[in-house]
Amino acid sequence: MNEILTPAIDWAMLGPILTLAVAACVLLLVASTPARRGPLPFILALAGLGAALGSLMALWERSVHQSAFGDMLVMDRAALYMGGIVLLSALLSVLLSRQYLERAPAPAAEYYALLLLAAMGMLVMASSNNLLVIFMGLEIFSVALYVLSGITRDWLRSLEAALKYFLLGAFSTGFILYGMAFIYGATGSLDLLACCRRARDLLAGQGDTGAALLLLLGLALMIAGLAFKVAAVPFHWWVPDVYEGSPTPVTAFMAVGTKGVAFLVLLRLVTTTFGDVLVSQWTMVLAILALLSMFVGNLVALVQRNIKRMLAFSSVAHAGYLLIAVAAGTDLGTSAMLFYFAAYMLTTLGAFGVASLVAETTERGDEGYGIERYAGLSRSNPGLALAMSIFMLSLTGVPPLAGFVGKYFIFQAALQRGMEGSRIFLVLAVAGILLSVVSAAYYLRVIITMYMVNPESERPRVVTAPDAGFAIAVAALGLFYLGLYPTAVYDMTRSLHTTLQALAAIWLG
Amino acid sequence: MPLVAYIGLSAILFVIGVMGVLLKRNALTIFMSIELMLNAVNVALAAFARHHGGLDGQIFVFFVMTVAAAEAAVGLAIFIAIFRLKKTTDVTEINLMRW
């Protein structure tokens, strides 16, 4: 009898992913016991995320480049960095969720289980190095998020968000998949490494032109699908409705996590896999997407009266800023994008967190997201108003907050490319700076309402649970830290570009 | 049959699916159109796998089918929940949120 050989699997490398999966399964078991009503699900969710974060940090220390399953998963530092951002945002979102779940008609244990599963899918996608794994990660977190956005199923608004997210999300998945099929058809492999090698030969004129055309078509379809996930114009129509209707802590997590991993995959495709062979086509497409996103996002946000919709359009605009950095494709661009994302994570979580606290449950559902509701908040809840002001100022890009430093790095990367002769980057930088000034109008309106407008009736004090307050305080202080001492994180993101490049160098070696 | 024939079939199916999503108003019909798009992908993947003589394309098809089944479970649950409250699955009538 021949012995059956088991493949060598490095279990430690799967640590964060497995931890989340196990914690989610335990939560689903708890959901069937009476303990589901107590604090147990909340504690389990925090423990699961904390353990995952711990094993992620252990992996960070281990080595710069590590892969598993025949290079299908790559736990390089870029993946770990983005995974860390996803886990932190999940952690903050869980802290914000407990109070929300007390007033929302949603089952807590299932809610946390889905949140953990979504985070797990994001980790898989962030570290994927294979078209099939990208697809699996994408679907794991998308399906979990479809359910989460509609989990308050007695509220029609939430269900409507779930329906729209589901239909449009599945539609965009179709495009990504068709793109993958074409890339597979052109290169004969699902592995990004092999795709990369083959793509170089094809575009250098070796092989038939049909295959080269197929490759370009496939990449265009994949970019369109990813642009949908990062909420870039013209693929943004789902964003305002889904962000408005979903339970607010879910919106916060969705806005950060989905965007983060989709941007990382985009970065992998653009800067390493197909980078040097396709530079000119990429740059133009991504630059146009960036320009449109900044324009539409900022201008439409100006007329919004609902804070969640305003933040949704602002997230479209921020997708535009981030796309500038991706389009730049330089080491400055990559590190600017990754740094900006850390700042974006804190502001988004914080701002949606405050929105979720200020809102209330009425017989018609989850209400109180109108900006007028913020009138007089500075007197009833000075701390909350101060935190919200910090988030709004950081989104605008006011020093010394993290948003300013992030924007500075992004425009610096764009100007550097512009000085090298790409006119389009000068246009992008100027448009970005001007539109940031425009964006001040709608961000500052929230601050003015909080501090200068008198409420029509006496406004009751907003009750803030200690855990939610802690999450918001962490986000606000984090913005100061990143803004005043950006070097630690920025040096880290600089080294990440090197790891992405190192990966390409190993591949092409 | 040459590879082009299979890819042509897949492209036609995909376009029919996209048209269905864009033109139909019933959520269920839209979802069926999306499934058609996914099956167009499957045809293309299987044909390419055969063309390259590899297996990974065919394995991909199984993953797509599995995920489509999971998506269908979630999607139908959402449709039922909406129908319970609203008594319709016409997407043009599900419009609480507008700007």
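Above this text is the structure in question.
Residues numbered from 1 in each chain as written. Chains lettered and ligands numbered in written order. Predicted model: local features only at pLDDT ≥ 70, side-chain atom pairs only at ≥ 80, totals over all residues. Heavy atoms only, no water.

Caption draft 1: Structural view of the overall build of chain A. Across its full length, chain A carries 19 helices and four strands. Taking 509 residues into account, the globule formula puts the C-alpha radius of gyration at 23 Å, and chain A, at 22 Å, falls close to it. Seen through its principal axes, chain A has C-alpha atoms that stretch 75 × 65 × 40 Å. In chain A, which comprises 509 residues, the proportion classed as buried is 66%. Across chain A, contacts joining residues at least 24 apart in sequence account for 80% of those joining residues at least 6 apart. (Helix = DSSP H or I, 4+ residues; strand = E, 2+ residues; numbered from the N terminus. Rg over C-alpha atoms; globule rule 2.2 N^0.38 Å. Buried < 20%, exposed > 50% of the residue type's maximum accessible area, 1.4 Å probe, protein only. Contact = heavy atoms within 4.5 Å.)

Caption draft 2: Representation of the interface of chain B and chain A. With 44 residues of chain B in contact, the opposing surface of chain A contributes 43 residues. Interface area, chain B with chain A, both sides summed: about 3900 Å², of which 81% is carbon and sulfur. In this structure, the connection of chain B to chain A is made through one salt bridge. Our count for the contact surface shared by chain B and chain A stands at seven residue pairs in polar contact (both at pLDDT 80 or more). Elements that contribute at least two residues to the side of chain B that touches chain A include exactly α1 (3-23), α2 (27-52) and α3 (56-86) of chain B. Its residues assigned to classes, the side of chain B that touches chain A comprises 33 nonpolar, six polar and five charged. (Buried area = accessible area lost by both parts, 1.4 Å probe. Salt bridge = Lys/Arg side-chain N within 4 Å of Asp/Glu carboxyl O. Polar contact = N/O pair within 3.5 Å; in protein donor to acceptor, adjacent residues only side chain to side chain. Nonpolar A, V, L, I, M, F, W, Y, C, P; charged D, E, K, R; others polar.)

Caption draft 3: Region of the structure containing the packing of aromatic side chains. This structure, assessed with the given rule, holds 28 aromatic pairs over all chains. Seen from their ring centres, Phe166 of chain A and Phe31 of chain B are 5.2 Å apart, and the 45° between their planes marks the pair as tilted. You can see Phe166 of chain A sitting in helix α6 (residues 156-187) and its partner Phe31 of chain B sitting in helix α2, one on each of two chains. We classify Phe31 of chain B as buried; its relative accessible area is 6%. Each residue in the set Tyr146, Tyr165, Phe166, Phe228, Trp237, Trp238, Tyr243 and Phe352 of chain A together with Phe31 and Phe79 of chain B is aromatic and connected to the rest through ring pairs, giving one cluster. The lysine or arginine in question, Lys308 of chain A, covers the ring of Tyr369 of chain A, its NZ or CZ lying 4.5 Å from the ring centre. (Phe/Tyr/Trp six-rings, centres within 6.5 Å; stacked < 30°, edge-to-face > 60°. Lys NZ or Arg CZ within 6 Å of the ring centre and 35° of its normal.)

Caption draft 4: Focus on unusual backbone geometry. The residue after Val233 of chain A, namely Pro234 of chain A, is reached through a cis peptide bond having omega 5°. Along the chain, the position of Pro234 of chain A falls in the loop between α8 (209-229) and α9 (238-245). A cis amide bond links Pro399 of chain A with the next residue in sequence, Pro400 of chain A, at an omega value of 5°. Tracing the sequence through the fold places Pro400 of chain A in the loop between α15 (382-396) and α16 (402-419). Phi is positive for Ala231 of chain A, close to 65°, though the residue is something other than glycine. Along the chain, the position of Ala231 of chain A falls in the loop between α8 and α9. For Lys87 of chain B, which is not glycine, the phi dihedral falls at a positive 60°.

Caption draft 5: Seen up close, the environment of Val326 of chain A. Residue and element names in this part refer to chain A. Among the structural elements, Val326 can be located in helix α12 (residues 307-328). Overall, Val326 belongs to the buried group, its relative accessible area being 0%. With twelve residues separating them along the chain, Val326 and Leu338 place their C-alpha atoms 9.7 Å apart. Ignoring any residue separated from it by four or fewer positions in sequence, one finds Val326 in contact with Phe263, Leu267, Val270, Leu286 and Met337.

Caption draft 6: Main features of the side chain of Asp76 of chain A. Structurally, Asp76 of chain A can be placed in the loop between β2 (73-74) and α3 (77-103). A distance of 3.1 Å separates the side chain of Asp76 of chain A from the side chain of Arg268 of chain A, its partner in a polar contact.

Caption draft 7: Region of the structure containing the pattern of salt bridges. Residue and element names in this part refer to chain A. Counted under the stated rule, the structure contains 13 salt bridges over all chains. Among the ionic pairs, Asp76 bridges to Arg268, the shortest N-O distance being 3.1 Å. In this pair, Asp76 is assigned in the loop between β2 and α3 and Arg268 in helix α10 (residues 248-273), connecting sequence segments 192 residues apart. A residue is classified by how much of its surface remains accessible, and Asp76, at 0% relative accessible area, is buried. When its relative accessible area of 3% is taken as the criterion, Arg268 is described as buried.

Caption draft 8: The nonpolar core, seen in detail. Ranked by internal contacts, the top residues of the largest apolar core, which has 234 residues, are Leu131, Ile307, Phe391 and Met392 of chain A together with Phe60 of chain B. When residues no more than four places from it in sequence are discounted, the contact partners of Met392 of chain A are Met310, Leu311, Ala351, Tyr443, Val446 and Ile447 of chain A. (Core = buried A, V, L, I, M, F, W, Y, C linked by side-chain atoms within 4.5 Å.)

Caption draft 9: Quick look at the side chain of Asp191 of chain A. Residue and element names in this part refer to chain A. Position of Asp191 among the secondary structure elements: in the loop between α6 and α7 (192-203). Of the buried charged residues, Asp191 lacks a salt bridge, with Arg197 as the closest side chain of opposite charge at 7.1 Å. When residues no more than four places from it in sequence are discounted, the contact partners of Asp191 are Asp71, Asn129 and Asn130. (Lys, Arg positive; Asp, Glu negative; His and termini not counted.)

Caption draft 10: Summary view of the packing of α16 of chain A against helix α17 (residues 423-452) of chain A. Residues and elements named next belong to chain A. Their axes nearest at 7 Å, the elements α16 and α17 cross at an angle of 155°. It follows from the interaxial angle that α16 and α17 lie roughly antiparallel. For the crossing formed where α16 meets α17, the hand is left-handed. Mapping the contact onto sequence places Lys407, Phe411, Ala414, Leu415, Arg417 and Gly418 in α16 and Phe425, Leu426, Ala429, Gly432, Ile433 and Ser436 in α17. When the residues that make up the contact of α16 with α17 are grouped by side-chain class, the tally is seven nonpolar, three polar and two charged. (Axes fitted to C-alpha atoms, helices over the stretch in contact; angles between N-to-C directions. Parallel < 35°, antiparallel > 145°, perpendicular 65-115°, else oblique. Left-handed = near helix turned anticlockwise from the far one by under 90°.)

Caption draft 11: Looking closely at a nonpolar patch on the surface. Residue and element names in this part refer to chain A. On the surface, Leu386, Leu444, Ile448, Tyr451, Met452 and Val453 cluster together into a nonpolar patch covering about 550 Å² of accessible area. With four residues, α17 is the single largest residue contributor to the nonpolar patch. Mapped onto the elements, Tyr451 comes out in helix α17. Using a relative accessible area of 35% as the deciding quantity, one classes Tyr451 as partly exposed. (Patch = residues over 30% accessible without salt bridge, like charges linked within 9 Å, V, L, I, M, F, W, Y side chains within 5 Å. Areas by Shrake-Rupley, 256 points an atom, 1.4 Å probe, with all protein chains shown as cover.)

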